[in-house]
Amino acid sequence: MAIKVNLDRVMFERKVTLTELAEKVGLTLANLSILKSNKARAIRFSTLDGLCRHLHCQPGDLLEYVPDEGDGETASAGSSAEHGKQQ
Amino acid sequence: MRYLGKSSASSFLEVFLKVVWALCLFGLVAILGGALVVTLVDQARLAPGPGSRFSLDLYGISLHLEFAKAAVVRDPRAVVLGLLGFAFFMLGFVTAVVYQLRKIFANLKAGQPFIPENARRIRAIGLLVILACLVQSFLGFGLGTILAKNLAIEGVTIRPQLNFGLDGFLIGLAILVLAEVFRYGAALQEDRDLTV
């Protein structure tokens, strides 16, 4: 998966535990673990909204595009995404 | 009435299928035992004497045959073994289908209808039905040949015929389509489960 979830990094910076965040956002611990371990296939806007609200961050802080190795097309798309993030 | 989960129709059907499966296994063992007895017993005792009765099911038509006088059976052992062999293979298919159904209903009892395992098992049932349909045709022809060679009933001519029934093939095909629907459902379920 080219989209990486940086939830663990943001949580570490905000000093929030998984249990606390799950309680605040209204997610189950299992679902939040799926998201944290990058196993999630999709994320609802409502979940993203809850995470950003309680972690005081932007969706871009939580999600990152990492191009797959050996994929030239996605690599160039990745660099543009990286550029967008810097802006 | 609940259809999925514990104390539901699925739960009842799972128990029922367990019993049917055990009976099928018992039936298979009984047929093998019967075949062993037939190979050991004296040929003359196998031939139907006067007053012998047989029940015959032909696509919903049940015939009850009663022999007024002894039928001439050239090789009674071959006839009985042929009948037992046919019964063994057909019951074997039924047992395999019941086993797959049992596992599917166990998953339904656990509240998991759309999982890849169910799709695989439904597909296996579809293939078994088609295979059973083909095997039944060939085995039926083989059994008919054995009967025609060995059984002589006055005024009756037995002619074996290779007959491919389309109904079993169509049912099997419909089950395969259903399996594909379940496979798609399982993929959707997985997407849903991994959506946070």
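Our structure is the block above this text.
None of these values were measured; they are calculated from a predicted model.

Draft legend 1. The arrangement of the overall build of chain A in detail. In terms of helices and strands, chain A carries six helices and two strands. Put simply, chain A runs from its N terminus to its C terminus through helices and strands in the order β-α-α-α-α-α-β-α. Excluding contacts between residues fewer than 6 apart, the proportion of contacts in chain A whose partners are at least 24 apart in sequence is 56%.

Draft legend 2. Region of the structure containing the overall build of chain B. Counting its regular elements, chain B contains four helices and four strands. Taken from N to C terminus, the helices and strands of chain B fall in the order α-β-β-β-α-α-β-α. Relative to its length of 196 residues, chain B is extended, with a C-alpha radius of gyration of 22 Å against a globular reference of 16 Å. Restricting to contacts in chain B with at least 6 residues of sequence separation, those with at least 24 account for 70%. Element-wise, carbon and sulfur atoms account for 68% of the exposed surface of chain B, whose accessible area totals about 12,400 Å². Distance between charge centroids for chain B: 4 Å, based on 18 positive and 12 negative side chains.

Draft legend 3. Representation of the interface of chain A and chain B in the model. The partner chain B presents six residues to the eleven residues of chain A that form the contact. The three residues of chain A that bury the most area against chain B are A:Arg41, A:Ala42 and A:Arg44, which together make up 61% of that side's buried surface. If you look at where chain A meets chain B, you find two salt bridges. Of the charged contacts, one joins A:Arg41 and B:Glu190 as a salt bridge, the two residues approaching to 2.8 Å between their closest N and O atoms. Counting the contacts that link chain A with chain B gives seven residue pairs in polar contact (both at pLDDT 80 or more). It is helix α3 (residues 29-36) of chain A that contributes the most residues to the side of chain A that touches chain B, three residues altogether.

Draft legend 4. Broad picture of the packing of aromatic side chains. Residue and element names in this part refer to chain B. Applying the stated rule across the entire model yields five aromatic pairs over all chains. An angle of 85° between the planes, with centres 6.2 Å apart, marks the rings of Phe88 and Phe89 as edge-to-face. When its relative accessible area of 26% is taken as the criterion, Phe88 is described as partly exposed. Their ring planes at 40° and their centres at 5.2 Å tell us that Phe114 and Phe182 sit as a pair that is tilted. With Phe114 in the loop between α2 (76-109) and α3 (116-150) and Phe182 in helix α4 (residues 166-193), this residue pair connects regions lying 68 residues apart in the sequence.

Draft legend 5. Just the state of the cysteines, in detail. Tallying each qualifying case throughout the model produces zero disulfides over all chains. The thiol of B:Cys24 is not disulfide-bonded; the next cysteine sulfur, from B:Cys133, is found 19 Å away.

Draft legend 6. Structural view of the nonpolar core. Residue and element names in this part refer to chain A. In this structure, Leu7, Leu21, Leu32, Leu35, Leu51, Leu55 and Leu62 are the most contacted members of the largest nonpolar core, which totals 22 residues. Where this core is concerned, the elements lending two or more residues are α1 (7-14), α2 (18-25), α3 and α4 (45-55). Contact partners of Leu21, with chain neighbours within four places excluded, come to Leu7, Met11, Val16, Leu32, Leu51, His54 and Leu55.

Draft legend 7. Structural context of the pattern of salt bridges. Summed over the entire model, instances satisfying the criterion amount to ten salt bridges over all chains. In this structure, A:Arg9 and A:Glu13 form a salt bridge, with 3.2 Å as the shortest nitrogen-oxygen distance. Within this pair, A:Arg9 and its partner A:Glu13 are both found in helix α1, separated by four residues, close to a single helical turn. B:Lys109 is the salt-bridge partner of B:Glu14, the closest N and O atoms lying 3.4 Å from each other. Here B:Glu14, found in helix α1 (residues 9-40), pairs with B:Lys109, found in helix α2; they are 95 residues apart in sequence, far enough to count as distant. When salt bridges that share partners are traced, they join A:Arg9, A:Glu13 and A:Arg14 into one network.

Draft legend 8. α1(B), seen in detail. All names here are of chain B. With 32 residues, α1 extends 46 Å between its outermost C-alpha atoms, agreeing within 8% with the 46 Å of an ideal straight helix rising 1.5 Å per residue. Among the residues of α1, those classed as buried are Ala9, Ser10, Ser11, Glu14, Leu17, Cys24, Gly27, Leu28, Ile31, Ala35 and Val38. Lining the buried residues of α1 we find α2.

What counts and how
- Residues numbered from 1 in each chain as written.
- Chains lettered and ligands numbered in written order.
- Predicted model: local features only at pLDDT ≥ 70, side-chain atom pairs only at ≥ 80, totals over all residues.
- Heavy atoms only, no water.
- Helix = DSSP H or I, 4+ residues; strand = E, 2+ residues; numbered from the N terminus.
- Contact = heavy atoms within 4.5 Å.
- Rg over C-alpha atoms; globule rule 2.2 N^0.38 Å.
- Areas by Shrake-Rupley, 256 points an atom, 1.4 Å probe, with all protein chains shown as cover.
- Lys, Arg positive; Asp, Glu negative; His and termini not counted.
- Charge placed at Lys NZ, Arg CZ, Asp CG, Glu CD.
- Buried area = accessible area lost by both parts, 1.4 Å probe.
- Salt bridge = Lys/Arg side-chain N within 4 Å of Asp/Glu carboxyl O.
- Polar contact = N/O pair within 3.5 Å; in protein donor to acceptor, adjacent residues only side chain to side chain.
- Phe/Tyr/Trp six-rings, centres within 6.5 Å; stacked < 30°, edge-to-face > 60°.
- Buried < 20%, exposed > 50% of the residue type's maximum accessible area, 1.4 Å probe, protein only.
- Disulfide = S-S within 2.5 Å.
- Core = buried A, V, L, I, M, F, W, Y, C linked by side-chain atoms within 4.5 Å.
- Expected span 1.5 Å × (residues − 1).

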